[in-house]
Amino acid sequence: MNPLDLFDLRASLSQDEQLVQDSVARLVDTRVLPIIQDCFEHHRFPRELVPELAALGLLGASLEGYGCAGLNAIASGLICQELERGDSALRSFVSVQSSLVMYPIWAYGSEAQKQQYLPRMARGELIGCFGLTEPHGGSDPANMKTRARRSGGDWLISGSKMWITNGAIADTCVCWAETEEGIRGFIIDKGTPGFTASEIEHKFSLRASSTGALFFDEVRVPEAQRLPGAGGLKGPLSCLTQARYGISWGVIGAAQACLAQLIEYTGSRQLFGRPLADNQAIQVRLAEMARGITTAQMLALQLGRLKDRGALKPVQVSLAKWHNCRMALDVARDCRDMLGASGISAEYAPIRHMLNLESVITYEGTETIHQLSVGRALTGRNAF
Ligand SMILES: Cc1cc2nc3c(=O)[nH]c(=O)nc-3n(C[C@H](O)[C@H](O)[C@H](O)COP(=O)(O)OP(=O)(O)OC[C@H]3O[C@@H](n4cnc5c(N)ncnc54)[C@H](O)[C@@H]3O)c2cc1C
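Residues numbered from 1 in each chain as written. Predicted model: local features only at pLDDT ≥ 70, side-chain atom pairs only at ≥ 80, totals over all residues. Heavy atoms only, no water.

Peer 1: Would you mind showing me how to read the site of the ligand here?
Peer 2: Inspection of the region around the ligand gives 19 residues, with Thr-133, Gly-138, Ser-139, Trp-163 and Thr-366 positioned closest. The backbone of Leu-132 places a nitrogen or oxygen atom 3.0 Å from an oxygen atom of the ligand. With respect to the ligand, the side chain of Thr-165 contributes an N or O atom lying 2.8 Å from a nitrogen atom. Protein chains bury 68% of the 980 Å² of accessible surface belonging to the ligand in isolation. Elements with a minimum of two residues in the shell around the ligand: β3 (154–165) and α10 (367–379). Taken together, the residues of the shell around the ligand break down into nine nonpolar, nine polar and one charged. (Near = heavy atom within 4 Å. Polar contact = N/O pair within 3.5 Å; in protein donor to acceptor, adjacent residues only side chain to side chain. Areas by Shrake-Rupley, 256 points an atom, 1.4 Å probe, with all protein chains shown as cover. Helix = DSSP H or I, 4+ residues; strand = E, 2+ residues; numbered from the N terminus. Nonpolar A, V, L, I, M, F, W, Y, C, P; charged D, E, K, R; others polar.)

Peer 1: Teacher, can you tell me more about the environment of Ser-342 here?
Peer 2: Along the chain, Ser-342 turns up in the loop between α8 (314–338) and α9 (349–360). The contact partners of Ser-342, leaving out residues within four places of it in the chain, are Tyr-265 and Tyr-348. (Contact = heavy atoms within 4.5 Å.)

Peer 1: I'm lost on helix α5 (residues 111–122) in this one. Help?
Peer 2: At 3.6 residues per turn, the α-helix brings residues three or four places apart onto the same side. When the terminal C-alpha atoms of α5 are compared, their 16 Å separation across twelve residues agrees well with the 16 Å that a helix rising 1.5 Å per residue should span. Along α5, the residues that are buried comprise Gln-113, Lys-114, Tyr-117, Leu-118, Pro-119, Met-121 and Ala-122. Contacts from the buried residues of α5 go to α2 (50–55), α4 (88–108), β1 (128–131), β4 (172–179) and β5 (182–189). Phi turns positive one or two residues past the end of α5, at Gly-124, with a value near 75 degrees. (Expected span 1.5 Å × (residues − 1). Buried < 20%, exposed > 50% of the residue type's maximum accessible area, 1.4 Å probe, protein only.)

Peer 1: When you look at the packing of helix α6 (residues 234–268) against helix α7 (residues 280–308) in this model, what are you seeing that I'm missing?
Peer 2: What describes two packed helices is the angle between their axes and the distance between those same axes. Across the interface, α6 lies against α7 with an axial gap of 10 Å and an inter-helix angle of 155 degrees. Classified by the interaxial angle, the pair formed by α6 and α7 is roughly antiparallel. Considering how the two elements wind past one another, α6 and α7 form a crossing that is left-handed. Contacts between α6 and α7 involve Gln-242, Tyr-245, Ser-248, Trp-249, Ile-252, Ala-255, Gln-256, Leu-259, Leu-262 and Thr-266 on the former and, on the latter, Ile-282, Leu-286, Met-289, Ala-290, Ile-293, Ala-296, Gln-297, Ala-300, Leu-301, Leu-303, Gly-304 and Lys-307. Across the contact of α6 with α7, the residue classes tally to 15 nonpolar, six polar and one charged. (Axes fitted to C-alpha atoms, helices over the stretch in contact; angles between N-to-C directions. Parallel < 35°, antiparallel > 145°, perpendicular 65-115°, else oblique. Left-handed = near helix turned anticlockwise from the far one by under 90°.)

As structure tokens, then:
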């Protein structure tokens, strides 16, 4: 019996899904785990892995056409799970590229935009970022200060975005701005005059990910760079539903990595003349983690089935994102504690996952915001 898969989820996967899981797991074991501690310590995004992620078809994996793999929802969830077993930074990179940049271009872009951007993004030749959050408050995106106004056949965009994954390394940005006609999405390439980006330093979380701030000072973009199919806040929110789906799977991998290390550690650490794992109090804590992981796996699997049927509702994603992030963060924190002093060392995975998960539980809607979404679905009252 696999202690990380007590309900044998693996047996319910198709052969193709198993193949996808195995190939990403191999990449993580051979290419990510050997370097990730160093990347985290040195605040470095392992950009050299991007061609390998692309070669495996992990960028835009669930999209059809334009050089994308067209995988089903379960397979794309498994990709997130395996990547985040390595580090949340890798899963964040793939989530942003796939769900927040390629997806809106695929869903709302013109044919010319799709041809121009999607194949190159799938090959990892172009890196994208998604600019929604602004410095004054990410939980309330309707209060958007970034403005786009028409100027002849072009748009002039001014404003700023904060906490943007890939922001400083991206070749292109899907930027959301308020216009006289409501919120609209624009594709803005690096190098466009007036568009600058800077790296946010001193993060204690997601240190192997690049997070940036974006500035737009009267940036002129042609109408051809506007996403023609996106109107209103539901444009960016639909992208977030895609990405939150991936997070619900991804964080399971982080929790599994922590539990795997603790099963090994508590079996070998000798205290009071016996292995730590011989104590009931330790076993109860490990069992509690397995309960959390198993519940999260069941939620993610059902979420995937709903998504593949086209029946997924945002509130279901909210509940799963909230539940699974909370579970993973609690598991990582408890694993850190059971490692004693070693738990504060980056040589053990839990503190890295724990610190990363502080971001994951915050971004793409904080825990409270998702609780309020579920509350609204239950009561019919908006308490935001
Ligand atoms: C590492 C990292 C990467 C990120 N990447 C991206 C990205 O690529 N693109 C992007 O657009 N954004 C990104 N974000 C931003 C992220 O989505 C926001 O941080 C998040 O939405 C929360 O916004 P905020 O930080 O402004 O917090 P705020 O919105 O200011 O919230 C502060 C606190 O108030 C609580 N709160 C808010 N409203 C209510 C309410 N009505 N009732 C009770 N409590 C409430 C929140 O739960 C939170 O605890 C990233 C963030 C991080 C940390």
